[in-house]
Amino acid sequence: MLVRSQLIHGTVVQPVRAPPCHGGSCGFESRRSRWLNGLNNPHYQVSVRVRIAPSPTGNLHMGTARTAVFNWLFARRHGGQFLLRIEDTDRERSQQVFTDSILAGLRWLGLDWDGEPVVQSQRTANHKEAIAALLASGHAYRCYATEAELNAMREAQQAAQEAPRYDNRHRNLSPQEIATFHGQGRQAVVRFRIDDSQDILWEDMVRGSMRWRGADLGGDMVIARRAPGDQIGDPLYNLAVVVDDIAMGITHVIRGEDHIANTAKQVLLYQALGAMEPSFAHTPLILNKEGRKLSKRDGVTSIADFQALGYTAAAVSNYMCLLGWSPPTGLGERFDLPHAAAVFDFDRVNRAGARFDWDKLNWLNSQVLHGMDGETLRHELLPRWQEAGLDTKQPQPWQEQLAALLAPSLVVLQDGVEQARPFLSTPELDAESRAHLQLKGCRAALGYVLQHLPQPFAPAGAQELLAKAAKAAGVKKGVVMKGVRAALLGSLRGPDLLVSWELLHGVGADHPRLQAALGLTSESGPAEVH
């Protein structure tokens, strides 16, 4: 039997059911009682096996990542397995670089999968074996209609204002008609028979009772591309997915709501192949701020984009959970994946689309960064400092102190590049700083500070020095503090002045910067301070 002969080593075998009868009274239990209730039924225990099946035609998309998170949470909640399948049958667009990016993105998010990834293109022979079985059982047939004939059919339907659908014209060809087409050298696709009058039912774990009519599926569907004679062409998505899910022992298929029509078709394929269909959960789409499906036009859509912008894995994975799932009371909005897995289930997954909220993601990311110690944050920032061409030859403890100083003001890691720049390279004074240094008495106060730099440096001593310099120059202490900040950092804004000063003093950068600032002022002559 197909279901058993193609099982991958180590899978949990799904129960095999007989092909559907035509009288509608096969006597099998409903899908809900088989799978959903089976999780807690001591007489019929099912080991949860879910999968994420990305196509390597681009980087890991946000929607795929959110689907992966939900699958992982559900598997870990029920002590099951989270499997990975690379659906690379689109040969023209699939690239190894995208496969590598997808795997790296999943790892970065903290989603560990069980076992080795299944590569769909390596299972083509299994897919064709299933198609051959469907042909032999009469569930499928060869269709010799040419593209020109199909285009004419669509144009006629459009002219009649009818919904586009295949008219099943080659469903019941006679042997003589088939021989004629062969003689003409026509190639054939393989189509799966869909009964227009059939009701397709399943109990969705998110959307409840689902019902589709066969007539709504667009006619008999193609399950293999064109091939000459009696050959079977390349298998198509719906067929390959079902065969692989059967072989992998998948018990629950969790994916976006844009797959609902595919699910209706796949339920029919499960039945025709004599396999028990899994439970299905169709999660809400991720929407942009206008309420439309998030797309490349919205800019950032891949996990690699979030990494490049400086979002942390902890914040992104946390936010992925919140896109369509409402945490139970007590968990709050900030949590890690293991804590979410302990309480995750689909009764709290929303049906409505989930709007992407940059403010919420930024808040989560800032909370993660604010909570990092200097060592951890320095580890995250160092590659970005180096990429920006900043000087990173300082001792590691000094860099850790710098990271700790910057942490409270960071929203994304990339902020830590610009904010660290005046510490890791000599800054140019901005216009506001230059204007401040022109204030009466500011140059004299800086000259006093320069002449009396504390050795060794201590924040208390520096605080006292600022007060003395202000008194000596006859200005307010705030004028001196802003002047020192301008000289040291090139700006009147920045992190704590005394901590910043101490850091720069530690690498001998405060003295030359104060000197340079004094040289940039327009006042003539040396500073006269007593």
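Bear in mind that the values here come from a model prediction, so they are computed numbers and not experimental data.

Turning next to the pattern of salt bridges. This model, assessed by the stated rule, comprises 25 salt bridges. For Asp199, the salt bridge identified is with Arg211, shortest N-O distance 2.8 Å. Here Asp199, found in strand E6 (residues 199-204), pairs with Arg211, found in strand E7 (residues 208-213); they are twelve residues apart in sequence, far enough to count as distant. Using a relative accessible area of 29% as the deciding quantity, one classes Asp199 as partly exposed. For Arg211, a relative accessible area of 58% gives the class exposed. Close ionic contact of Arg421 with Glu418 constitutes a salt bridge, the shortest N to O distance being 3.0 Å. Separated by three residues within a single helix, Arg421 and Glu418 lie in helix H16 (residues 415-424), roughly one turn from each other. Exposure remark for Arg421: the relative accessible area of 29% places this residue in the partly exposed category. By sharing partners, the salt bridges in this structure join Arg51, Arg85, Glu87, Arg123, Asp244 and Asp245 into a single network.

Another point: unusual backbone geometry. In most cases, non-glycine residues show a negative phi, while peptide bonds are predominantly trans. For the bond from Gln455 to Pro456, the omega torsion is -10 degrees, close enough to zero to count as cis. Although it is not a glycine, Gln161 sits at a positive phi angle of roughly 55 degrees. Its place among the elements puts Gln161 in the loop between helix H6 (147-159) and helix H7 (175-183). Positive phi outside glycine occurs at Asn168, with the angle close to 60 degrees. Of note, Asn168 is situated in the loop between H6 and H7. Here Asn168 falls in the buried class, since its relative accessible area comes to 16%.

One open sheet accounts for three strands, arranged E4-E5-E8; its pairing is antiparallel. Taken across any chain shown, the strands that pair with only one partner, and hence form the sheet edges, are strand E4 (140-143) and strand E8 (221-228). When the angles between neighbouring strand axes are averaged without regard to direction, this sheet yields 25 degrees. Judged from the four bridges that link them, E4 and strand E5 (residues 187-192) form a sheet pairing that is antiparallel.

What counts, and at which threshold
- Residues numbered from 1 in each chain as written.
- Predicted model: local features only at pLDDT ≥ 70, side-chain atom pairs only at ≥ 80, totals over all residues.
- Heavy atoms only, no water.
- Salt bridge = Lys/Arg side-chain N within 4 Å of Asp/Glu carboxyl O.
- Helix = DSSP H or I, 4+ residues; strand = E, 2+ residues; numbered from the N terminus.
- Buried < 20%, exposed > 50% of the residue type's maximum accessible area, 1.4 Å probe, protein only.
- Pairing = 2+ DSSP bridges.
- Axes fitted to C-alpha atoms, helices over the stretch in contact; angles between N-to-C directions.

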